[in-house]
Amino acid sequence: MTEHRPKVLYVDDEPINLKLFEINFRKKFDVITANSGPEGLRILENNSVDVVISDMKMPEMNGVTFCETAQKKYNHIRYYLLTGFDSTPEIEEAISRSIVKKCLRKPFNKYEIEEVIQN
Amino acid sequence: MKNTDFEHLYNQLREKYERHEKIIVQAYSSLKKKEQQLKEINANLECKQKELEEINNELYKNNIINQNNNIELSRALSQLKETQSQLVQTEKMASLGILTAGIAHEINNPLNFIMCSHTGLTEFFENSSYKTDNHIKFLLDSLKEGVERTSSIINGLNEFSRNTETTKEECNIHKIIDNCLTILQHTLKHRVIIEKQFYPDNIIISGNSGKLHQVFLNILTNAEQAIENKGNITIKTSITNKNITITIADTGKGIDKAHLKKITDPFFTTKEPGKGTGLGLSITYNIIKEHNGNITFNSEPKMGTEVKITLPIK
Ligand SMILES: Nc1ncnc2c1ncn2[C@@H]1O[C@H](COP(=O)(O)OP(=O)(O)OP(=O)(O)O)[C@@H](O)[C@H]1O
Ligand SMILES: [Mg+2]
């Protein structure tokens, strides 16, 4: 089997969320995690990632800003948000400008996320 | 007759005639004078009448201007009241929205911990000898049920922070009412029995979800506040051809006949300061009108109040 294992970068400022994401998805995907936007950008420099999933509300750089910055350099990656918020105008705008493909909700739904990554 | 006699008679007659003539001339001239005076008086009167008419006209005009001013003033005043009431209510809903959005975010994160852990544990047990253990299955299912229920409450709360102007959203009436009951839960518990007589299917209409939440929150809050000790609130929903009807009846203290007409006026309240601003129903009325619906109140003092809302489905 030479099927390509998707490589996923998950960005969230809550360490528990990072660990749990890894535990849940490491069997199917290569999971890399980052606890902030800037950390995520550093990781993208050295790794070829297929999908980015990012929290929205983070201290240094919010999810939309992170995806927007990353997309300018890495246009082939698919970007998603995973957030506890109802959608906001900022998120709506990011989706309409095709920066972010979709906004997923917390608490997470494993099958929804798997589908998005494999898609 | 003698000549002298005749002369005498003639003189007498003549004298008489002359006297009469004099009297007549005098009378005539006096009449003329009177006539002249009358004419003058008449002219004077006409003049006065014209003046009066003019004054009258002016008074009338002033009156109209006054009336117009009054109408304009009272229109401006009611507009001012309306705007003020909208501002206060908007602010109230905004702070409720900010609060609930904040809570939603804070709670959804730890909920995510539980949900992810549940998923991880489920997988772990799937691959272990506990795969068929009923207790483990029950524990895991309960975890999931708890998360899902909490999350749906949180999503309901989020509805209150919506602030859009559209009236084309899909609004699930039963869900909206349930969201409001969730918010009021702590004041209803152990005191007010809620009886739901819902139409068996979902009722979906197109409208503004956030605003319809406000409507039912206002009406249910009034019903709850009208019940002094214990009582019931009955919520009925039904569908006819093109309309839906929602009635919310309480066994509270009712509304005085004299107040019934005023309850939708902005700032009309019988509640003590801090408990009511008198805005709930004026806002509610406006929202129902925006949705091309109707709202009526039926009340019997000391017995209770029934609020009936009709809304078009489309
Ligand atoms: N279900 C009810 N039972 C008895 N009285 C009611 C009921 N609903 C409304 N009222 C009367 O109508 C008044 C106006 O209601 P409205 O909701 O507009 O204002 P409020 O409840 O006094 O204040 P707010 O809603 O701004 O907190 C109330 O003060 C009350 O006297
Ligand atoms: Mg009220």
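Residues numbered from 1 in each chain as written. Chains lettered and ligands numbered in written order. Predicted model: local features only at pLDDT ≥ 70, side-chain atom pairs only at ≥ 80, totals over all residues. Heavy atoms only, no water.

## Structural notes on the site of ligand 1
All names here are of chain B.
Item 1. Inspection of the region around ligand 1 gives 20 residues, with T269, T270, K271, T277 and L281 positioned closest.
Item 2. Measuring from an oxygen atom of ligand 1, one finds a side-chain N or O atom of K271 at 2.6 Å.
Item 3. In this structure, an oxygen atom belonging to ligand 1 sits 2.9 Å away from a main-chain N or O atom of L279.
Item 4. Because more than half of its atoms lie within 2 Å of the grid, ligand 1 is assigned to the largest pocket.
Item 5. Elements with a minimum of two residues in the shell around ligand 1: α4 (209-226) and α6 (280-290).
Item 6. By residue number, the principal contributor to the shell around ligand 1 is α4, which donates 3 residues.
Item 7. Looking at the shell around ligand 1 residue by residue, the class counts come to 7 nonpolar, 9 polar and 4 charged. (Near = heavy atom within 4 Å. Polar contact = N/O pair within 3.5 Å; in protein donor to acceptor, adjacent residues only side chain to side chain. 1 Å grid on protein atoms, 1.4 Å probe; cavity = no way out; pocket = protein on both sides within 12 Å on 5 of 7 lines; lining within 4 Å. Sits in = over half its atoms within 2 Å of the grid points. Helix = DSSP H or I, 4+ residues; strand = E, 2+ residues; numbered from the N terminus. Nonpolar A, V, L, I, M, F, W, Y, C, P; charged D, E, K, R; others polar.)

## As for the layout of surface pockets
All names here are of chain B.
Item 1. Approximately 1,200 Å³ is the volume found for the largest pocket.
Item 2. Every residue lining the largest pocket is counted, 42 residues in all, and those nearest its centre are T221, N222, Q225, K271 and K275.
Item 3. Broken down by secondary-structure element, the contributors of at least two residues to the lining of the largest pocket are α1 (3-126), α3 (173-188), α4, β5 (243-250), α6 and β7 (304-312).
Item 4. With 9 residues, the top contributor of residues to the lining of the largest pocket is α4.
Item 5. Its residues assigned to classes, the lining of the largest pocket shows 16 nonpolar, 17 polar and 9 charged. (Points joined across faces, edges and corners; volume = space filled by probe spheres on them.)

## Considerations on the sheet that holds strand β1 (residues 7-11) of chain A
All names here are of chain A.
Item 1. Pairing within the open sheet is parallel, and its 5 strands lie in the order β2-β1-β3-β4-β5. Both outer strands of the open sheet, β2 (30-34) and β5 (102-105), are each paired with one neighbouring strand and no more. With strand direction ignored, the average angle separating the axes of adjacent strands in the sheet is 25°.
Item 2. Bridging between strand β3 (residues 51-54) and strand β4 (residues 78-83) involves 4 bridges; their strand directions are parallel. Its bridge partner being in β4, V51 is matched across the sheet by R78.
Item 3. Where helix α5 (residues 110-118) meets the sheet, its contacts fall on β1, β3, β4 and β5, and the angle it forms with β4 comes to roughly 165°. (Pairing = 2+ DSSP bridges. Axes fitted to C-alpha atoms, helices over the stretch in contact; angles between N-to-C directions. Contact = heavy atoms within 4.5 Å.)

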